[in-house]
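# Examination of the molecular architecture
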Amino acid sequence: MKKMKIVNMKKFVRSILILIGVIIALVLFFPKATLSHNEKEYSDYETISVAQGDTLWSIASYQQENNPYYIEKDVRDIVSNLKKINQLHTADLQIGQTLKVPVL
């Protein structure tokens, strides 16, 4: 195998630094070029009010069946998504509490 020799170290270092800069710029400015609708920021919401007997699981199950946004999604993923959107630390809900639910 033929050995390669760097003729101009200054140009080599400059080229490497430019390449690293381009890679960093791509990572910072285009972190997720293709996103599914569940990964993007939500812009359309439906607001629902928690009724007596409602649980996060029952709401997620209802959304799974009736909300096209959650079509073919697992109920556990919907529960997790609803907790994230509504900044809930637990699954405990209060009667009259309002929840945001993403819609298409």
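Please refer to the structure higher up on the page.
Here goes a summary of the coordinates provided. (Residues numbered from 1 in each chain as written. Predicted model: local features only at pLDDT ≥ 70, side-chain atom pairs only at ≥ 80, totals over all residues. Heavy atoms only, no water.)

## Let's talk about the overall build of the chain
Looking only at helices and strands, one finds three helices and two strands in the chain. The helix and strand sequence of the chain, counted from the amino end, reads α-β-α-α-β. Expressed as a percentage of the 104 residues in the chain, the buried residues total 23%. Considering only residue pairs separated by 6 or more positions, the chain has 59% of its internal contacts joining residues 24 or more positions apart. On the chain, roughly 8,600 Å² of surface is accessible, and the fraction owed to carbon and sulfur atoms is 58%. (Helix = DSSP H or I, 4+ residues; strand = E, 2+ residues; numbered from the N terminus. Buried < 20%, exposed > 50% of the residue type's maximum accessible area, 1.4 Å probe, protein only. Contact = heavy atoms within 4.5 Å. Areas by Shrake-Rupley, 256 points an atom, 1.4 Å probe, with all protein chains shown as cover.)

## A closer look at the packing of helix α2 (residues 56-66) against helix α3 (residues 75-85)
Orientation of α2 relative to α3, taken along the N-to-C sense of each, is 110°, at an axis distance of 9 Å. Overall, the two elements α2 and α3 adopt an arrangement that is roughly perpendicular. Crossing geometry of α2 relative to α3 is assigned as right-handed. On α3, the residues that touch L56, W57, I59, A60, S61 and Q64 of α2 are V75, R76, I78, V79, L82 and K83. For the contact of α2 with α3, a count of residues per class yields eight nonpolar, two polar and two charged. (Axes fitted to C-alpha atoms, helices over the stretch in contact; angles between N-to-C directions. Parallel < 35°, antiparallel > 145°, perpendicular 65-115°, else oblique. Left-handed = near helix turned anticlockwise from the far one by under 90°. Nonpolar A, V, L, I, M, F, W, Y, C, P; charged D, E, K, R; others polar.)

## With respect to the pattern of salt bridges
For the coordinates displayed, the defined rule picks out one salt bridge. We note a salt bridge from D74 to R76, for which the minimum N-O separation is 2.7 Å. Accessibility expressed as a relative area gives 56% for R76, which makes it exposed. (Salt bridge = Lys/Arg side-chain N within 4 Å of Asp/Glu carboxyl O.)

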